[in-house]
Amino acid sequence: MVTGLSFPTGAGWFLVLPDTDAVAALAARARSDGVRELPHASGRPWLMGRWPAHALTTAQCGTVQLAVLGQHAVTEEEAARAARAGSPEAAEDRARTWPGSHHLIASWGGSTLVRGTVTGVRSVFAARAPRAGGAHLVSDRADILAGLTDADLDERRLAVQLLSPGILHPLTIQTVWRGVDVVPGDRRVLLDRDGRLRTSRCWTPPPAELPLAEGARLVRDRLADAVAVRIAGRELVSADLGGVDSTAVVATAARAGAKTVAYTAAVHDVLGDDVSYARRTVAELDTVEHHVVPATEVPLTFDRVDALDDELDTPSPYAVNRHRRMLIVERAAERGSPLHLSGMGGDELFSGASAHVHGLLPRHPRTAWRLARGFTSRHRWSRRTALAQLLDRRSYGSWLELIARDLTRPQPDLSVPLFDWGIPPRLPPWATGRAVEAVRDLLREQAAHAEPLSGGHGGHRELVTLRALARFARHVQQMSEPLGVTFAAPYYDDLLVEAALAVRPQDRVTPWRYKPLIEEAMRGIVPEAARRRTTKAHAAFEEETGLRRHRASLLALWEDSRLRELGLVDVAALRDWCLRPLAADLESALLHPTVGCEVWLRARERNRGPVGPTATDTGGITA
């Protein structure tokens, strides 16, 4: 059980409380040095937490209060206009037009509205507090709510985190604590005066009707706005400069006049051409200061995994590459950058999902079959399997039932077509029977009423992937804040996501062009040589060599394993796996979620005291 109450060191967070005296004791527990506090109109605590002063804009209109928190350029006048809109929903409609990435929080006649972002890069969590009369609390960090409500670790939910290559919707709405749940990005939270919580839908995917040229103009404008709100008023910013997507961000920032310090991490692969393209780009952009980090200076995968102590609010498979990712952010911090721009999210938006072919087949059969043949030929997929997937009309819930049945089967190889609802996740060979049954039961509980995130396979896969990988951006932000650096991933902004998804799938997802939407959008912004690039660097060498070089650190994790103590992994089988030569794409990747869970459990223990389960259930979200 969580002992005591502490807050992440150096990281930002907020807590939203309902307008009731029942939560006064919890508010008192949350107060400490450096915690900011804003009251409801009644004077009771409303918004508490730690955040940079520039991240918050507030407005008040009578008894209505509104707060915008995150990466934005909303002025007090704009916030005030939203506060005068007449209802929380009307205020939210105005807020949807504001570029950037931010939470919207409003207190309205004793009621409270909270909304994050569609992808969850600005997440919203909710928990019921039994000691406060059952009132609900809302936060942007799951661990804050777990500490305040004395929530216990849930081994069943933790077992879900072992899935590879990722956690399935709708299991993604469950955190690793009992009664602390994720509010999906397409829903808003509404708290009444007594702290009763309900959610309602506030976002749906846009109709995918725009032709490529029109969509490209919209993406270009939205990216320019997203970058502009982040660089405004800053003398210097830093950025990744590697692939097509990060190049677009750097070029957009440079052409907007920002003094940009760009970093390119070299890789050992002789075919890796990030450095070459980065130098060509910088040669045509006058305001970019460029640094190349030699491959020999970039940490390998699994580097020092047994000594990580980042205070993340949830386990992260990103732990295996923590030092690879953070090296550039650390150098940016040393250079004095307060803001680091990233191209994370671009792959999901602009490569898209070939599974759109499944939805095109009934409506545009000729186009669908032409695309299907192209994807099958390009990726050397099995034609028989591709045909079976395209003709398979089973529901998402039925597909989940199959996943639950096949949890322990070998992972599909890379030649399996991608026209289905998703890549079937598997539990690793070292998952115990207890872990397998826990995940299987949770999947079957959800399968009966699970609905996809979008009507078709392609839209569903894209939103699932955006949400899954936006979690990594959240974790990098949590790791960057103690360094004094704000980590920004503009491609996860709602307005950019909507712009990309509004383009006809047959125009933006094609086997014959590499990311046509961002290529067209960056015409005149990104230098031509880089704009037409069709390659992407990979780090298989860093993964496979990292496993060999850092095997001792990896094996040290399984000594006194916390996952073993919880009955979720067979350490003997896990150690045996770590001692093998492993292929990076499937075998080594199976380790990432397990390492992330073990690292997270150990870091929490070091920073906050032991965690462990009890039988108490604090309740969950009701829609």
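In this report, we go over the structure that sits alongside the text. Computed from a prediction, not measured in an experiment: that's the story for all the values here. (Residues numbered from 1 in each chain as written. Predicted model: local features only at pLDDT ≥ 70, side-chain atom pairs only at ≥ 80, totals over all residues. Heavy atoms only, no water.)

1. Brief notes about the overall build of the protein
Looking only at helices and strands, the protein has 26 helices and 17 strands in total. In summary, the protein has a C-alpha radius of gyration of 24 Å against a globular reference of 25 Å for 623 residues, a match within 12%. Projected onto the principal axes, the alpha-carbon positions of the protein cover approximately 65 × 55 × 50 Å. Going through the 623 residues of the protein one by one, you find that 61% of them count as buried. The contacts of the protein with a sequence gap of at least 6 include a subset with a gap of at least 24, amounting to 73%. Accessible surface for the protein amounts to roughly 24100 Å². Of this, 50% is attributable to carbon and sulfur atoms. (Helix = DSSP H or I, 4+ residues; strand = E, 2+ residues; numbered from the N terminus. Rg over C-alpha atoms; globule rule 2.2 N^0.38 Å. Buried < 20%, exposed > 50% of the residue type's maximum accessible area, 1.4 Å probe, protein only. Contact = heavy atoms within 4.5 Å. Areas by Shrake-Rupley, 256 points an atom, 1.4 Å probe, with all protein chains shown as cover.)

2. Focus: unusual backbone geometry
Of note, the amide linkage connecting serine 164 to proline 165 takes the cis form, showing an omega dihedral of 15 degrees. Along the polypeptide, proline 165 turns up in the loop between α5 (155-160) and β10 (180-182). Residue histidine 169 is joined to proline 170 through a cis peptide bond whose omega torsion reads 5 degrees. Within the fold, proline 170 resides in the loop between α5 and β10. Of note in the backbone geometry, arginine 304 takes a positive phi value of approximately 50 degrees without being a glycine. If you trace the backbone, arginine 304 turns up in the loop between β15 (288-293) and α9 (322-335). Overall, the relative accessible area of 43% leaves arginine 304 in the partly exposed class. Positive phi outside glycine occurs at lysine 515, with the angle close to 50 degrees. As for its placement among the helices and strands, lysine 515 is situated in the loop between α18 (505-508) and α19 (516-521). Lysine 515 sits in the buried class, given a relative accessible area of 3%.

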